Amino acid sequence: MSTEQDLGAPLPASEQEPDSTITLLPAREGSGVVRRTVLPGGLRIVTETVPSVRSVTVGIWTGVGSRDETRPLAGATHYLEHLLFKGTKRRSALDLAAAMDAVGGEMNAFTAKEYTCYYARVLDSDLSLALDLLSDMVTSSVLDPAEVEAERGVILEEIAMHDDDPTDAVHDHFAEAFFGDAPLGRPVQGTVDSIRSLGRSRILGYYRRRYRPENMVVSVAGNLEHEGVVELVREAFSRADELGDPDMRPSPPRIGGRPWRARRSVRSLHRDTEQANLILGTTGVSRNDDRRFALGVLNAALGGGMSSRLFQEIREKRGLAYAVYSYTAQYADTGIAGVYVGCLPAKIDEVLKICREELHKAAGNGISEEELARGKGQLRGSFVLGLEDTGSRMSRIGKSELVYETLPSADEILARIDAVTLDDVRAVAQDFFTQPQTLAVIGPFGERDFSDAVA
């Protein structure tokens, strides 16, 4: 049994003794107590108790994503995510689905650039079932050869569906233009050629190398008792003989490589579409950069809502587009700050001109006091409202455990947002919006060269 330790400031997981439990965050109004236990083998379990609900959400996170793939393995992480639903040593694919349907639960997964998550939401009385199903999938999937071949067709259909939607495809197009041949520049789903060439033996080897306890986090939020969750996880992973090394410690958060340098790059893909889709962007901040809060406020002012500059200038005042927004993406060692617009092909030059002008204005003059207050309010609201269900709480504690050194409280996050000043926002605008820009365009433009549209 694990023992609760009073250690003052919470230790990093890599320094915590196996079979010990520490409190990461105490219970406060609006949030429950968050605890962490490290099992032998380096498996981490984090829970948040929310006694006011009758549900729980379980997630099993593993620190592997498309960024970890070599070119011959492109798409293997996402392929494997599909295959883990196709049967284990104890259950068929139908058994897994029927067991979840029988309790009215939801079970799914997603693959990102730097991690993968399998999750289920059930009634609190069905917690043991959800943990058993997910643990069985991630530790004991058989990757049946027939299922590998069947799912290959499903993934090729998914790639085709993604490519047929230019509002999705332009993001992959931009990543390829921005990161080039680096793994971050490749699509999570892989390519038609890479998926066709991936055999079972290669995927199985990837599974065995990457899905290790020291690289996993089990996160659970809802009406639960931490000790009970620990024992259920211990039983499930022990059954698969995954907790055998008492000296193994959890893997530290991903550090990444050298900071990415922005470069001037343009990619245009001809499609006979009725609408042009474009992303204009540059380097942003990494997920551990303290400037991420100031960039978040700037992003809100630039294109984060209906009152934002880009929305007002492009849609409201000129009627040039229906969809327009700015966004940021953050990774271990770099990030993206970008603007997306979908417009009529004939309007693309005017739209690009406005986008460049607004980025230039922000870099030169920052934002106003009113925009600062609005941006802070938007960040505060989206953060707090995002914690209103057990799924988002599970994601917060699970992702934080996997990719960050610490788990800040909600009050600490809100304080960081409130501390952003006009000077902070102006500084990040100058730092990033004066860098070389990357442009990705999909639309009916033939061989047109858009090089003059980027700085």
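S.K.: How do you make sense of the nonpolar core when you look at a structure like this?
M.R.: Among the nonpolar cores identified, the biggest contains 50 residues, and Leu298, Ile314, Val341, Ile348, Phe433 and Leu439 are the most heavily contacted of them. Sort the elements by how many residues they give to this core and helix 11 (residues 348–365) lands first, with eight residues. Setting aside chain neighbours within four positions, we find Ile314 in contact with Gly319, Leu320, Ala321, Val324, Val341, Val351, Ile354 and Cys355. Leu83, Tyr118, Ile159 and Tyr211 belong to the second largest nonpolar core, which has 48 residues in total.

S.K.: Would you explain the pattern of salt bridges in this entry?
M.R.: Pairing is possible between side chains that carry opposite charge, provided their charged atoms lie close to one another. Inspection of every chain in the model, using the stated rule, returns 36 salt bridges. For Glu401, the salt bridge is made with Arg36, and the minimal N-O distance between the two is 3.1 Å. A residue pair is termed long-range when its members are at least 10 positions apart, and Glu401 in helix 13 (residues 390–403) and Arg36 in strand 3 (residues 34–38) qualify at 365 residues. Pair check on accessibility: Glu401 and Arg36 agree, each one buried. Where Asp68 meets Arg254, a salt bridge forms, and the shortest distance between an N and an O atom there is 2.9 Å. One end of the pair, Asp68, is in the loop between strand 5 (55–62) and helix 1 (76–83); the other, Arg254, is in the loop between helix 8 (226–239) and strand 9 (265–270), and 186 residues separate them in sequence. Several salt bridges share partner residues, and in doing so they unite Arg90, Arg91, Asp132, Asp136, Glu235 and Arg239 into one network.

S.K.: What is the right way to look at the sheet that holds strand 11 (residues 321–330) in this model?
M.R.: Strand pairing in a sheet takes place through backbone hydrogen bonds and is either antiparallel or parallel in direction. With mixed pairing, five strands are arranged side by side in an open sheet as 9-13-10-12-11. Of all strands in the sheet, those bounded by a partner on one side alone are strand 9 and strand 11. Across the sheet, the mean angle separating the axes of adjacent strands is 10° when strand polarity is ignored. Of the strand pairs in this sheet, strand 11 and strand 12 (residues 335–343) are connected by nine bridges, and their pairing is antiparallel.

S.K.: Just checking my understanding: could you explain the environment of Ala321 for this structure?
M.R.: For Ala321, the location among the structural elements is in strand 11. Beyond its immediate sequence surroundings of up to four residues, Ala321 is in contact with Ile314, Arg315, Val341, Gly342 and Cys343.

S.K.: Can you walk me through the packing of aromatic side chains in this structure?
M.R.: Describing an aromatic ring pair means giving the distance of the ring centres and the angle of the ring planes. Overall, the coordinates contain 13 aromatic pairs when judged by the stated rule. Aromatic side chains Phe110 and Tyr119 sit 6.3 Å apart centroid to centroid with 50° between the ring planes, which places their arrangement in the tilted category. For Phe110, a relative accessible area of 31% gives the class partly exposed. For Tyr119, a relative accessible area of 26% corresponds to the partly exposed category.

S.K.: Can you help me understand helix 11 in this one?
M.R.: Note that an α-helix has 3.6 residues per turn; residues three or four places apart therefore point the same way. Here helix 11 contains 18 residues, and its C-alpha end-to-end distance of 26 Å stays within 8% of the 26 Å for a straight helix at 1.5 Å per residue. Of the residues making up helix 11, those classed as buried are Ile348, Val351, Leu352, Ile354, Cys355, Glu358, Leu359, Ala362 and Ala363. Turning to helix 11, the residues buried within the fold contact strand 10 (276–283), helix 9 (292–303), helix 10 (309–317), strand 12, helix 15 (422–433) and strand 13 (438–443). Remark: Gly366 follows helix 11 within two positions and exhibits a positive phi of approximately 70°.

S.K.: Explanation requested: the pairing of strand 5 in the structure shown.
M.R.: Two faces make up the sheet, and in a regular strand the side chains alternate between them. Along strand 5, eight of the eight residues are buried, which leaves the element largely enclosed by surrounding structure. Taking every second residue as pointing to the same face, both faces of strand 5 are buried, with Ser55, Thr57, Gly59 and Trp61 on one and Val56, Val58, Ile60 and Thr62 on the other. Pairing between strand 5 and strand 8 (residues 216–222): seven bridges, direction antiparallel. If you follow Val56 over to strand 8, its bridge partner there is Gly222.

S.K.: I'm lost on helix 4 (residues 145–164) in this one. Help?
M.R.: Over its 20 residues, helix 4 runs 29 Å from end to end, which matches the ideal 28 Å to within 8%, given 1.5 Å per residue. Taken together, the buried positions of helix 4 are occupied by Val148, Glu151, Arg152, Ile155, Leu156, Ile159 and His162. All buried residues of helix 4 lie within an arc of 155° about the axis, which places them on one face of the element. Exposed positions of helix 4 whose direction lies more than 90 degrees from the buried face are Ala146, Glu157, Met161 and Asp164. Looking at the packing, one finds that the buried side of helix 4 touches helix 1, helix 5 (166–179), helix 6 (192–197) and helix 7 (200–210).

S.K.: Mind showing me how you'd approach the side chain of Glu81 here?
M.R.: Position of Glu81 relative to the elements: it lies in helix 1. Every residue in contact with Glu81, bar those within four places of it in the chain, is listed here: Ala109, Phe110, Thr111, Thr116 and Tyr118.

S.K.: What is the right way to look at the side chain of Asn277 in this model?
M.R.: Here Asn277 shows up in strand 10. Residue class for Asn277 comes out buried when judged on its relative accessible area of 0%. In terms of polar contacts, Asn277 uses its side chain to reach the side chain of Tyr340, at 2.5 Å.

The rules behind these values
Residues numbered from 1 in each chain as written. Predicted model: local features only at pLDDT ≥ 70, side-chain atom pairs only at ≥ 80, totals over all residues. Heavy atoms only, no water. Core = buried A, V, L, I, M, F, W, Y, C linked by side-chain atoms within 4.5 Å. Buried < 20%, exposed > 50% of the residue type's maximum accessible area, 1.4 Å probe, protein only. Helix = DSSP H or I, 4+ residues; strand = E, 2+ residues; numbered from the N terminus. Contact = heavy atoms within 4.5 Å. Salt bridge = Lys/Arg side-chain N within 4 Å of Asp/Glu carboxyl O. Pairing = 2+ DSSP bridges. Axes fitted to C-alpha atoms, helices over the stretch in contact; angles between N-to-C directions. Phe/Tyr/Trp six-rings, centres within 6.5 Å; stacked < 30°, edge-to-face > 60°. Expected span 1.5 Å × (residues − 1). Arc of directions from axis to C-beta. Polar contact = N/O pair within 3.5 Å; in protein donor to acceptor, adjacent residues only side chain to side chain.

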